[in-house]
Amino acid sequence: MGLALDLRDDVEVTAVDEGFSAVVQGEGAGVVPTDASHLVIATLRGYLLERGWEVPGLALVATNRIPHGRGLGSSAAAHASAILLADALLPEDERASEADLLNAASHLEGHPDNVAPALTGGLTVSWEEDGRYRSSAMRPHPAVVPVVAIPAQPLSTETARGLLPAQVPHHVAAANAGRVGLLVHALTQEPSLLLAGTRDWLHQDQRESAMPESVGLVRDLRRQGLAAVVSGAGPTVMVLADGMDQAETARLAMQASLDRSAQPWRVSILPVDAAGARVETHRSGQPISG
């Protein structure tokens, strides 16, 4: 499952005569590559080559607002951006279907969990069947308001996943599966059940050694009756609030709990984004060749 938040990167790409370059502003500036190895450029070129097309050069300008390594889907946003940009560079009769774009971006990301909401917006449930990724989008209840606490220090997704056990007891898996069904109902029909619907036994406590502050914050907020979870692989903490009044309560509770933290945290109310990725095409650069 994935939920799209109103936190988006803007990525502009122009086909040029030769050479590959990137200008990065905001998150990742001065850290991510600015040459052909930039994730969006490399992904875009690879996708076009798979489709039988080649671009002589690209000039990319990225204004990044999604923090990297915080469990907010920055890599999925980059992969989704690259696939959409590549598709927009192709002639109209060569462009892929929405299902094919989702599948391509999901294979690059390794799973559709974050790619699907980045592309379509809203709440998505995704799965893999016969080697192909699929997703179904739902409209979250308008009272659902996410609130996030984003720490300054990132956490490697590989590190967080490496802490998960290879096996779990049957009763634990069954309990978590039941809460997933309840969570779908809470997110779409009855937000008052979000606290019960977000109860987890599979991954949050197991990752405590890698993000003790985050897991401690989740526990503190849940004791106060707030539906707090680790966002993605962490270390960002998210509360799924029932209405703006509870969202403001969650924001204040987060700030109070983090006052004594050794690192800075950003606490924000981020609405659910219903639109997903948007593409604007302006034909001005060099054409690509098939």
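Residues numbered from 1 in each chain as written. Predicted model: local features only at pLDDT ≥ 70, side-chain atom pairs only at ≥ 80, totals over all residues. Heavy atoms only, no water.

- The protein chain is annotated in an unreviewed UniProt entry as Homoserine kinase of Citricoccus parietis.
- The protein chain has a UniProt comment under Function (unreviewed entry) that states "Catalyzes the ATP-dependent phosphorylation of L-homoserine to L-homoserine phosphate."
- Under Pathway (unreviewed entry), UniProt gives the following word-for-word description of the protein chain: "Amino-acid biosynthesis; L-threonine biosynthesis; L-threonine from L-aspartate: step 4/5." (UniProt positions renumbered as here; feature names shortened; annotations may be inferred.)

**Concerning the side chain of D9**
At step 1: Topologically, D9 is positioned in the loop between β1 (2-3) and β2 (10-15).
At step 2: At 3.0 Å, the side chain of D9 and the backbone nitrogen of I66 are in polar contact.
At step 3: In this structure, D9 is in contact with T63, N64, R65, I66 and A77, ignoring residues within four places of it in sequence. (Helix = DSSP H or I, 4+ residues; strand = E, 2+ residues; numbered from the N terminus. Polar contact = N/O pair within 3.5 Å; in protein donor to acceptor, adjacent residues only side chain to side chain. Contact = heavy atoms within 4.5 Å.)

**Topic: the UniProt feature "domain: GHMP kinase C-terminal" (unreviewed entry) in the protein chain**
At step 1: The UniProt record annotates "domain: GHMP kinase C-terminal" (unreviewed entry) at residues 199-257.
At step 2: A distance of 20 Å separates the end C-alpha atoms of residues 199-257, which is 44% helix and 15% strand.

**Digging into the packing of helix α8 (residues 212-223) against helix α9 (residues 244-258)**
When two helices pack together, their arrangement is given by the angle between their axes and by how far apart the axes lie.
At step 1: The N-to-C vectors of α8 and α9 enclose an angle of 135 degrees; their axes lie 11 Å apart at closest approach. With respect to each other, α8 and α9 are oriented oblique. In terms of crossing hand, the pair formed by α8 and α9 is right-handed. Seen from α8, the contacting residues are L217, D220 and L221; seen from α9, they are A253, M254, S257 and L258.
At step 2: A per-class count over the contact of α8 with α9 returns five nonpolar, one polar and one charged. (Axes fitted to C-alpha atoms, helices over the stretch in contact; angles between N-to-C directions. Parallel < 35°, antiparallel > 145°, perpendicular 65-115°, else oblique. Left-handed = near helix turned anticlockwise from the far one by under 90°. Nonpolar A, V, L, I, M, F, W, Y, C, P; charged D, E, K, R; others polar.)

**Regarding the UniProt feature "domain: GHMP kinase N-terminal" (unreviewed entry) in the protein chain**
At step 1: In this structure's numbering, the residues bearing the UniProt feature "domain: GHMP kinase N-terminal" (unreviewed entry) are residues 41-122.
At step 2: Structurally, residues 41-122 comprises 54% helix and 10% strand, and the distance from its first C-alpha atom to its last is 27 Å.

**Some details on helix α1 (residues 39-50)**
At step 1: Helix length check: α1, at twelve residues, gives a terminal C-alpha distance of 16 Å against a target of 16 Å (1.5 Å per residue), a fit within 8%.
At step 2: Buried within α1 are the following residues: V40, I41, T43, L44, Y47 and L48.
At step 3: Looking at the buried side of α1, the elements it contacts are β2, β3 (19-26), β4 (57-64), α2 (74-89) and α3 (98-109).
At step 4: Directly after α1, the chain includes G52, whose backbone phi takes a positive value near 90 degrees. (Expected span 1.5 Å × (residues − 1). Buried < 20%, exposed > 50% of the residue type's maximum accessible area, 1.4 Å probe, protein only.)

**With respect to the nonpolar core**
Here is a general trend for soluble globular proteins: nonpolar side chains tend to be buried in one another's company.
At step 1: With 31 residues, the main nonpolar core has L44, L48 and L58 as its most contacted residues.
At step 2: Secondary-structure elements contributing two or more residues to this core are β2, β3, α1, β4, α2, α3 and α4 (115-120).
At step 3: By size, the runner-up hydrophobic cluster in this structure holds 24 residues, among which are L217, V218, A250 and L258. (Core = buried A, V, L, I, M, F, W, Y, C linked by side-chain atoms within 4.5 Å.)

**Some thoughts on the packing of α1 against α2**
At step 1: The interhelical angle for the contact between α1 and α2, taken along N-to-C directions, is 45 degrees, at an axis separation of 8 Å. In terms of orientation, α1 lies oblique with respect to α2. Crossing of α1 over α2 shows right-handed handedness. Side by side, α1 and α2 meet where L39, V40, T43, L44, Y47 and L48 of the first sit next to A78, H79, A82, I83, L85, A86, D87 and L89 of the second.
At step 2: For the contact of α1 with α2, the class distribution of residues is eleven nonpolar, two polar and one charged.

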